[in-house]
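# Architecture and fold: a report
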Amino acid sequence: MNMAIPIPSRQLFIDGEWREPIKRNRIPIINPATEEIIGDNPAATAEDVELAVGAARKALARGSIWASSSGAYRAKFLRAIAVKITERKDVLAKLEALDCGKPLEEAAWDIVGFYIFVAFFGCNVDTRMPNFFLRVIQDDVAACFEYYAGLAEALDAKQKAPVDLPMDTFKCHVLREPIGVVGLITPWNYPMLMATWKVAPALAAGCAAILKPSELASVTCLELADVCKEVGLPPGVLNILTGLGPDAGAPLANHPQVDKVAFTGSTATGSKIMSSAAQLVKPVTLELGGKSPILVFDDVDLDKAAEWTAFGCFWTNGQICSATSRLLVHESIADAFLDRLVKWCKNIKISDPLEEGCRLGPVVSKGQYEKILKFISTAKSEGATVLCGGSRPEHLKRGYFVQPTIISNVTPSMQIWREEVFGPVLSVKTFSSEEEAIELANDTHYGLGAAVISKDLDRCERVTKALVAGIVWVNCSQPCFCQAPWGGTKRSGFGRELGEWGLENYLNIKQVMQYTSDDPWGWYKSPSKL
């Protein structure tokens, strides 16, 4: 087993300095694998939010270094952050595992990047994974900063882009300017990565930001603050406030001097943020909940499809907004497929997240643990059948562990089919035709992700076009690249993160129109000719 490391004791990061919360409150950090308190984080309140917003506005004041900076200047800081994150790779991965319960090797993969992982390991990952991770942990976070450094530099070339006009007496160009001070509110399932998805493009665009990570997992976000301090990021450009949602998140989202809010989290909280922003006509980007389907047709390789189905739901301990947690399987292969899927799930190693080979760790908190078990209990009371899992693993007497759970005999009206569980629980329903599969898949309030598995690529293309979702995976589930857009439809939110779309979230477009003729405009009669 890998040895745990001490949790650094940090303060809030405001205006480039560590600052004790004004009310001096702190929040205990609980290791979800042991239920023990292993440290504490500072708890910001509205008073600290006020200081952070003031620091951010000062960083963007006219004449300041950041306000007048080029994309190339900002790119130097983004690349420096990437280098320092890479240097701290082993420590950051262990802190994340201790803080939110994610298996160490999985936490590393989050930050390694799917493309590097597959290119290195191919299909045989188990025997070589640990040594590889010690060398490349955190490269996904680092790669995201690197990627947006490149886009920041490219932004310089796009300034004053000309616009073709039908009149030669006018000349027009476009300026791309930072939207201003942005509030970034991030979840606990991918603490450092989700922060990076917002921080990197916001800084690339030239914004000043206040990051408010989830109170359930904030440790690595405060380490990001330490990295920013080390590389000399100008004061106030990035401020990081840990604390409770009502005490720190709400005052940040509601603040009249915050020009935009980008939020990842629950649909209920996203709705409140949107309502608050509407009062000030403030733009928001929302990446919210999901109840994503995975459609398995009758021509699949059972083992390949079973592994992707398990991965799509149980990766990150099942705590993914895009989890493909509704399995739709063709009725002709349902029995054989579920038999294989159960065998795959029973082979998943459930253990302390620091233990080598762990593939499922604890869920993040006691509250989440109890919520998941209540979902399972309700499903059984409504007539569904638990095929496997459904409770705590027998060999783990403490920690917030839930076995990978498969529930069949589900009807579309059941809670387990319609509501987001955010845990390692997969619901199963059969279909008899392509049309029925599409109808069942789209019968949801959500629209973040969807997956289709079939050897018939023409069918995959038809189904992909028919699915109402922001992301569709074909013959896979969950891979994500920082170059591609990420976001949903319906109650899964709106706006896109990552790729060039992620940068555009933090830019305003300014039209500059110039009259180039020496002739007077001539609309009014000149007084000199009266």
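Above this text sits the structure in question.
Residues numbered from 1 in each chain as written. Predicted model: local features only at pLDDT ≥ 70, side-chain atom pairs only at ≥ 80, totals over all residues. Heavy atoms only, no water.

A few words now on the sheet that holds strand β16 (residues 425-431). Spatial strand order, β14-β15-β16-β13-β12-β18-β19: seven strands in an open sheet with mixed pairing. Because the sheet does not close on itself, it has two edges, and the strands there are β14 (385-388) and β19 (471-474). Within the sheet, the average angular offset between the axes of one strand and its neighbour, ignoring direction, is 25°. Running over the sheet, helix α14 (residues 366-381) touches β14, β15 (405-408) and β16 and is turned about 25° from β15. (Pairing = 2+ DSSP bridges. Helix = DSSP H or I, 4+ residues; strand = E, 2+ residues; numbered from the N terminus. Axes fitted to C-alpha atoms, helices over the stretch in contact; angles between N-to-C directions. Contact = heavy atoms within 4.5 Å.)

Within the secondary structure layout, Cys 460 lies in helix α17 (residues 457-466). C-alpha separation for the pair Cys 460 and Val 428, spaced 32 residues apart in sequence, amounts to 20 Å. If near-sequence neighbours (up to four positions away) are discounted, Cys 460 is found in contact with Val 452, Ser 454, Val 474 and Asn 475.

Moving on, we come to helix α12 (residues 302-314). Its 13 residues place the ends of α12 18 Å apart at the C-alpha level, agreeing with the 18 Å of an ideal helix rising 1.5 Å per residue. Along α12, the residues classified as buried are Ala 305, Ala 306, Thr 309, Ala 310, Phe 311, Gly 312, Cys 313 and Phe 314. The N-cap of α12, judged by a side-chain oxygen 3.1 Å from the amide nitrogen of Asp 303 a few residues on, is Asp 301. Thr 316 sits one or two residues past α12 and shows a positive phi near 60°. (Expected span 1.5 Å × (residues − 1). Buried < 20%, exposed > 50% of the residue type's maximum accessible area, 1.4 Å probe, protein only. Polar contact = N/O pair within 3.5 Å; in protein donor to acceptor, adjacent residues only side chain to side chain.)

This next bit is on a nonpolar patch on the surface. A contiguous nonpolar surface patch, about 720 Å² in accessible area, is contributed by Met 167, Tyr 515, Trp 521, Trp 523 and Tyr 524. Along the chain, Trp 523 turns up in the segment after β22 (507-515). (Patch = residues over 30% accessible without salt bridge, like charges linked within 9 Å, V, L, I, M, F, W, Y side chains within 5 Å. Areas by Shrake-Rupley, 256 points an atom, 1.4 Å probe, with all protein chains shown as cover. Salt bridge = Lys/Arg side-chain N within 4 Å of Asp/Glu carboxyl O.)

Counting residues in hydrophobic clusters, the biggest one holds 124 residues, and the most contacted among them are Phe 145, Tyr 148, Val 296, Leu 327 and Leu 341. Top element by residues in this core is helix α8 (residues 191-205). It accounts for 11 residues. Discounting residues that sit within four places of it in the chain, Leu 341 has contacts with Ala 306, Thr 309, Ala 310, Leu 327, Ile 406 and Leu 426. In this structure, Phe 297, Tyr 400, Trp 417 and Ala 450 belong to the second largest nonpolar core, which totals 30 residues. (Core = buried A, V, L, I, M, F, W, Y, C linked by side-chain atoms within 4.5 Å.)

Let us now look at the side chain of Thr 186. Considering the arrangement of structural elements, one finds Thr 186 in the loop between β7 (181-185) and α8. Ignoring anything within four residues of it in the chain, the contact list for Thr 186 reads Met 194, Ala 195, Lys 198, Leu 211, Lys 212, Pro 213, Ser 214 and Thr 264.

Looking now at the pattern of salt bridges. Applying the stated criterion across every chain, the model contains 29 salt bridges. The salt bridge involving Asp 226 is made with Arg 10; its shortest N-O contact spans 3.5 Å. Within this pair, whereas Asp 226 is found in helix α9 (residues 219-231), its partner Arg 10 is found in the segment before β1 (12-14), the two being separated by 216 residues in sequence. Residues Asp 226 and Arg 10 agree in their burial class; the two are buried. For Arg 340, the salt bridge is made with Asp 303, and the minimal N-O distance between the two is 2.8 Å. Taken as a pair, Arg 340 in helix α13 (residues 334-346) and Asp 303 in helix α12 lie far apart in primary sequence, 37 residues in all. If you follow the salt bridges from partner to partner, you end up with Arg 10, Lys 84, Glu 87, Arg 88, Glu 223, Asp 226 and Glu 230 in one network.

Turning our eyes to something else, we now look at the sheet that holds β22. Read across the open sheet, the three strands follow the order β5-β6-β22; overall the sheet is antiparallel. The open sheet terminates on both sides in strands that have one partner only, identified here as β5 (161-163) and β22. Strand-to-strand, the axes of this sheet are offset by a mean angle of 35°, without reference to chain direction. Across nine bridges, the pairing between strand β6 (residues 170-178) and β22 is antiparallel. Within β22, the residue paired with Glu 177 across the bridge is Asn 508.

Right, let's get into the packing of aromatic side chains. Summed over the entire model, instances satisfying the criterion amount to 15 aromatic pairs. Each ring, one from Tyr 73 and one from Phe 77, has its centre 5.2 Å from the other, and the planes form 70°; the classification is edge-to-face. Residue Tyr 73 and its partner Phe 77 are located together in helix α2 (residues 71-87), separated by four residues, close to a single helical turn. Given a relative accessible area of 13%, Phe 77 falls into the buried group. Through successive ring pairs, a cluster of aromatic residues spans Trp 66, Tyr 73 and Phe 77. Residue placement shows Lys 102 over the ring face of Tyr 190; its charged tip is 3.7 Å from the ring centre. The ring of Tyr 506 has Lys 260 lying over it, and the distance from NZ or CZ to the ring centre is 5.4 Å. (Phe/Tyr/Trp six-rings, centres within 6.5 Å; stacked < 30°, edge-to-face > 60°. Lys NZ or Arg CZ within 6 Å of the ring centre and 35° of its normal.)

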